[in-house]
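Here is what each chain is made of, one letter per residue.
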Amino acid sequence: SVRGIGYTLFSDDQSADNTNTARLQSFDNDGFTVGNHTAVNNSGDTFVAWCWKAGGPAVSNTDGSITSQVSVNQTAGFSIVSFTSTSSGNFTIGHGLGKTPKLIITKERGASNNWHVWHSGVMTTSSQFLMLNSTNALGSYSNVWGTSIPTSLVFGANVGSLVNASTASIAYCWAEIEGYSKFGSYQGTGQADGPFVYCGFKPAWVMVKNVDDTGGRNWGIQDSSRQPINPCDKHLKADSNEVENSGLGDNTFQIDLLSNGFKVRNNTGIWNNSGENIIFMAFAESPFQTANAK
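First, a word on scope: everything that follows refers to the structure included in this document. Not measured: the values here are computed from a predicted model.

### Some points on the overall build of the protein
- A count of helical and extended segments in the protein gives one helix and 22 strands.
- Its C-alpha atoms give the protein a radius of gyration of 19 Å, near enough to 19 Å, the size a compact globule of 294 residues would have.
- Dimensions of the protein, computed from the C-alpha atoms along their principal axes, are close to 50 × 45 × 40 Å.
- Pairs at least 24 residues apart make up 60% of the contacts formed inside the protein by residues separated by at least 6 positions.
- Here the protein displays about 12900 Å² of accessible surface, and carbon together with sulfur accounts for 46% of that area.
- Positive and negative side-chain charges of the protein, numbering 17 and 22 respectively, have mean locations separated by a distance of 3 Å.

Here you go:
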């Protein structure tokens, strides 16, 4: 809603904003309206949408060294941040959350560039990063996120590593909210009876990524709307335009969505390799204190 209707970014692709009003036609009070583009409305096909509500029209935020435009929902711990990079060097951007973000996903709008991801579950320095459009393991490049890790007010960026000079970008930022969202990591066991990951609520949506395996590992997504009954094995990949994948095997992602977290059911799959670290982000089916009452 900050970029506006008609502008599309693809999570598996480096491309800048793609303009096409036939995909999304409006943001509505009770949902959204799509056009006749085959990507969103091909006859007979089934689609899924995941929606986070920010805070309405963006307003100026001057917490950083540059002024950003921010739409923020502090109750849900979510903000959309629009900013234009400086011509060189390091700079900071206000995110409006009032809490330190656990997850930041950034993308240049005006140039072809990777989606960069900050995740507090494994990252401890401003030089570490992941790419949403890539299967790469955790990478490192000097001052990708500026000179320090994110704070309750700002996150940083470096021209030449995170963004290009004087280019418009968008960032999606999440802080952890008890009973609603959880961000962390687990260690793979290589067993079919895999690790249980505590969230404190029943998840509706889970995304995971192996950050250690250099062989190339996907971002796997499960949700209770597509598969409300366990086991959940119909996964999608943020870094790929492949159709929904299901079943067991090395390239599949199978979990149980439980009352207080999720349990990994892969054997030696890429989301449960023994001894390797896998980050996750999860959001509740029934938010806040009633989340695990089922």
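### Brief notes about the state of the cysteines
- This model, assessed by the stated rule, comprises zero disulfides.
- With no disulfide of its own, cysteine 173 lies 18 Å from the sulfur of cysteine 51, the closest cysteine sulfur.
- Counting only cysteine sulfurs, cysteine 232 is the nearest neighbor of cysteine 199, a cysteine outside any disulfide, at a range of 13 Å.

### Description of the environment of threonine 33
- Counting through the fold element by element, threonine 33 comes out in strand β4 (residues 31-34).
- Residues threonine 33 and tryptophan 145, spaced 112 residues apart in sequence, show a C-alpha to C-alpha distance of 36 Å.
- Not counting residues within four places of it along the chain, the set of residues in contact with threonine 33 comprises Arg23, Leu24, Gln25, Ser26 and Asp28.

### Points about the sheet that holds strand β10 (residues 116-119)
- Pairing is antiparallel in the open sheet, where eight strands are placed in the order β5-β6-β7-β14-β9-β10-β11-β12. Looking at strand neighbours, the two that pair on one side only are β5 (59-61) and β12 (139-140), the edges of this open sheet.
- Looking at chain direction, β10 and strand β11 (residues 128-131) are connected through two bridges and run antiparallel. If you follow histidine 116 over to β11, its bridge partner there is methionine 131.

### Observations concerning the pairing of strand β3 (residues 24-28)
- Summarising the sheet, β3 and β4 pair through four bridges and their orientation is antiparallel. What sits directly across from aspartate 28, in β4, is glycine 31.
- Taken together, β3 and the strand that follows it, β4, pair antiparallel across an intervening segment of two residues.

### A few points about unusual backbone geometry
- Cis geometry marks the peptide bond from asparagine 230 to proline 231; its omega dihedral reads -5°.
- By the element assignment, proline 231 lies in the loop between β18 (219-223) and β19 (236-237).
- For asparagine 143, which is not glycine, the phi torsion reads 55° and is therefore positive.
- Here asparagine 143 shows up in the loop between β12 and β13 (154-158).
- Relative accessible area serves as the criterion here: at 24%, asparagine 143 is assigned to the partly exposed category.

### Re the packing of aromatic side chains
- With the rule as written, the count across this model stands at 15 aromatic pairs.
- Both rings, one in phenylalanine 83 and one in phenylalanine 155, keep their centres 6.1 Å apart while their planes meet at 75°; by these two values the pair is edge-to-face. Linking phenylalanine 83 in strand β7 (residues 78-84) with phenylalanine 155 in strand β13, this pair joins segments that are 72 residues apart in sequence.
- Residue classification places phenylalanine 83 among the buried residues on the basis of a relative accessible area of 2%.
- What links up through ring pairs into an aromatic cluster is the set Trp50, Trp52, Phe78, Trp174, Tyr180, Phe183, Trp205 and Phe283.
- The aromatic ring of tyrosine 7 is capped on one face by arginine 109, whose charged end is 5.5 Å from the ring centroid.

### As for a nonpolar patch on the surface
- Judged by side-chain polarity, Ile5, Phe27, Phe32 and Val34 come together as a nonpolar surface patch covering roughly 340 Å² of accessible area.
- In this structure, phenylalanine 27 sits in strand β3.
- Taking the relative accessible area as the measure of exposure, phenylalanine 27 reaches 47% and is therefore partly exposed.

### Regarding the pairing of strand β14 (residues 168-174)
- With six of its seven residues buried, β14 lies for the most part within the structure.
- In terms of strand pairing, β7 meets β14 through seven bridges, oriented antiparallel. Of the residues in β14, the one forming a bridge with phenylalanine 78 is tryptophan 174.
- Of the strand pairs in this sheet, strand β9 (residues 103-108) and β14 are connected by six bridges, and their pairing is antiparallel. In the sheet register, leucine 103 faces β14, and the bridge partner there is tryptophan 174.

Cut-offs used in this document
- Residues numbered from 1 in each chain as written.
- Predicted model: local features only at pLDDT ≥ 70, side-chain atom pairs only at ≥ 80, totals over all residues.
- Heavy atoms only, no water.
- Helix = DSSP H or I, 4+ residues; strand = E, 2+ residues; numbered from the N terminus.
- Rg over C-alpha atoms; globule rule 2.2 N^0.38 Å.
- Contact = heavy atoms within 4.5 Å.
- Areas by Shrake-Rupley, 256 points an atom, 1.4 Å probe, with all protein chains shown as cover.
- Lys, Arg positive; Asp, Glu negative; His and termini not counted.
- Charge placed at Lys NZ, Arg CZ, Asp CG, Glu CD.
- Disulfide = S-S within 2.5 Å.
- Pairing = 2+ DSSP bridges.
- Buried < 20%, exposed > 50% of the residue type's maximum accessible area, 1.4 Å probe, protein only.
- Phe/Tyr/Trp six-rings, centres within 6.5 Å; stacked < 30°, edge-to-face > 60°.
- Lys NZ or Arg CZ within 6 Å of the ring centre and 35° of its normal.
- Patch = residues over 30% accessible without salt bridge, like charges linked within 9 Å, V, L, I, M, F, W, Y side chains within 5 Å.
- Salt bridge = Lys/Arg side-chain N within 4 Å of Asp/Glu carboxyl O.

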